[in-house]
Amino acid sequence: MKAIIVDDERLARNELKRLLENFPKINIVGEAANADEAVVLIDELHPDLLFLDIQMPGKTGFDLLSDLEGNVPEVIFTTAYDEYAIKAFEFNALDYLLKPIELHRLSEAIQKVEEEFDRQKQLTETVKDNTIVLTENDQVFVKDGEKCWFVRLGNVRLFESMGNYVRLYFDDQKPLVLKSLNALEDRLDPKTFFRANRKHIINLKYIQKIEPWFSGGLQVTLRESGDKIEISRRQAIRFKELLSL
C-alpha cells in the first residue's frame, strides 16, 4: 500500500517512518510539510493511505481533505491534540493517533487499513465484473430535481465534477447527478470519452480545436459550446499515445 506522510514537523515525520519500518506492507512514497505540497503529491502519486497531521501552517488537515477531488486516500490522523477526534471521524478517518505515537496503537491502525484495503479490493473487483460499459449510442435516464431527461450519451459533450456531483452538458441543459467522476469514468467507453483532468471528462467527438498549453498540457475547445478545457500534462501524454498515428 502506497502511503504519504503529511506533517509540518520533520522530526515527527522521521519518527513515524521509523515506526513504519515494522510494517513492510506500507510503502512510504512521499512526504509533505503542508497541505499544498500534499495535494501535488497526491495528484501525482495516487497513494492508498495518508498519515495526516491536523494543525499545520496555512491549511489544516481537514482543509486538505476538503480540497481533494475524485478518489480520496484512506486517512489515519496523527496529531498532538485530542479535541479533533469527532471531526476526524466525520471525514471517515480509519484511526486517530495521538503523538507521541505508540507502536501498539500504530499496529492497530495498520490492521484497520489492511482490512479496509482488502474489503475495497474485493468490492472493486465485484463491481468491475458486473459493470456494463456505456457507449455513445446508449441512452441514460437523468433526473435533477423535478426535471428528467432520457439523453443519448453521444450528445453529452462534457462531464464536470462538482464535489459529490457531476454536471452533464448537452444541448442547452446542465443537470447535476449524484455520482463521482471516477465512478462515471469506469462506465464510459474510453473510445469516445476521455478524462482530461481531475474535474473533466470530454466527449472526443466534440473537440473542435487543440492547442499547446502550460507545462506540457493541452487546451481543447469544444464545438457548439466553445468551452475550453485543459488537458493536464499527465493526461496529455496519454491523449497523444491513444490518438496519434
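Residues numbered from 1 in each chain as written. Predicted model: local features only at pLDDT ≥ 70, side-chain atom pairs only at ≥ 80, totals over all residues. Heavy atoms only, no water.

S.K.: Outline the pairing of strand S7 (residues 147-152), listing residues and values.
M.R.: Where strand S6 (residues 139-144) and S7 come together, 6 bridges link them in antiparallel fashion. Its bridge partner being in S7, Lys 143 is matched across the sheet by Cys 148. Once S6 ends, the chain turns through 2 residues before running back antiparallel as S7, passing Gly 145 with a positive phi of about 65 degrees. (Pairing = 2+ DSSP bridges. Helix = DSSP H or I, 4+ residues; strand = E, 2+ residues; numbered from the N terminus.)

S.K.: Could you give an account of the nonpolar core, with specific residues and numbers?
M.R.: Ranked by internal contacts, the top residues of the largest apolar core, which has 21 residues, are Val 6, Ile 42, Leu 52, Leu 64, Leu 65 and Phe 77. Listed by contribution, the elements that provide at least two residues to this core are strand S1 (2-6), helix H2 (35-45), strand S3 (49-52), helix H3 (61-67) and strand S4 (74-79). The element that contributes the greatest number of residues to this core is H2, accounting for 5 residues. (Core = buried A, V, L, I, M, F, W, Y, C linked by side-chain atoms within 4.5 Å. Buried < 20%, exposed > 50% of the residue type's maximum accessible area, 1.4 Å probe, protein only.)

S.K.: Before we move on, could you go through a nonpolar patch on the surface and cite the residues and values that matter?
M.R.: On the surface, a cluster of nonpolar side chains totalling about 300 Å² of accessible area is made up of Met 162, Tyr 165 and Leu 178. Looking at the element boundaries, Leu 178 is found in the loop between strand S10 (176-177) and helix H6 (181-187). Judged by relative accessible area, which is 62%, Leu 178 ranks as exposed. (Patch = residues over 30% accessible without salt bridge, like charges linked within 9 Å, V, L, I, M, F, W, Y side chains within 5 Å. Areas by Shrake-Rupley, 256 points an atom, 1.4 Å probe, with all protein chains shown as cover. Salt bridge = Lys/Arg side-chain N within 4 Å of Asp/Glu carboxyl O.)

S.K.: Give a description of helix H1 (residues 10-20) that names residues and reports values.
M.R.: Taken together, the buried positions of H1 are Ala 12, Arg 13, Leu 16, Leu 19 and Leu 20. Here the buried residues of H1 occupy an arc of 125 degrees about the axis, which is enough to place them on one side. Of the exposed residues in H1, the ones pointing more than 90 degrees away from its buried face are Arg 10 and Leu 11. (Arc of directions from axis to C-beta.)

S.K.: So, the sheet that holds strand S15 (residues 228-231): which residues are in play, and what are the values?
M.R.: Across the sheet, 3 strands lie side by side as S13-S14-S15; this open sheet has antiparallel pairing. Either end of the sheet is taken by a strand with one partner, and the two such strands are strand S13 (207-212) and S15. Sheet twist, expressed as the mean angle between neighbouring strand axes with direction ignored, is 25 degrees. Here S13 runs beside strand S14 (residues 218-222); their pairing, made up of 5 bridges, is antiparallel. The residue bridging Ile 210 from the neighbouring strand is Val 220, located in S14. Each of S13, S14 and S15 is contacted by helix H7 (residues 233-243), which is oriented at about 90 degrees to S15, the strand it contacts most. (Axes fitted to C-alpha atoms, helices over the stretch in contact; angles between N-to-C directions. Contact = heavy atoms within 4.5 Å.)

What is shown is where atoms sit, not what they do.
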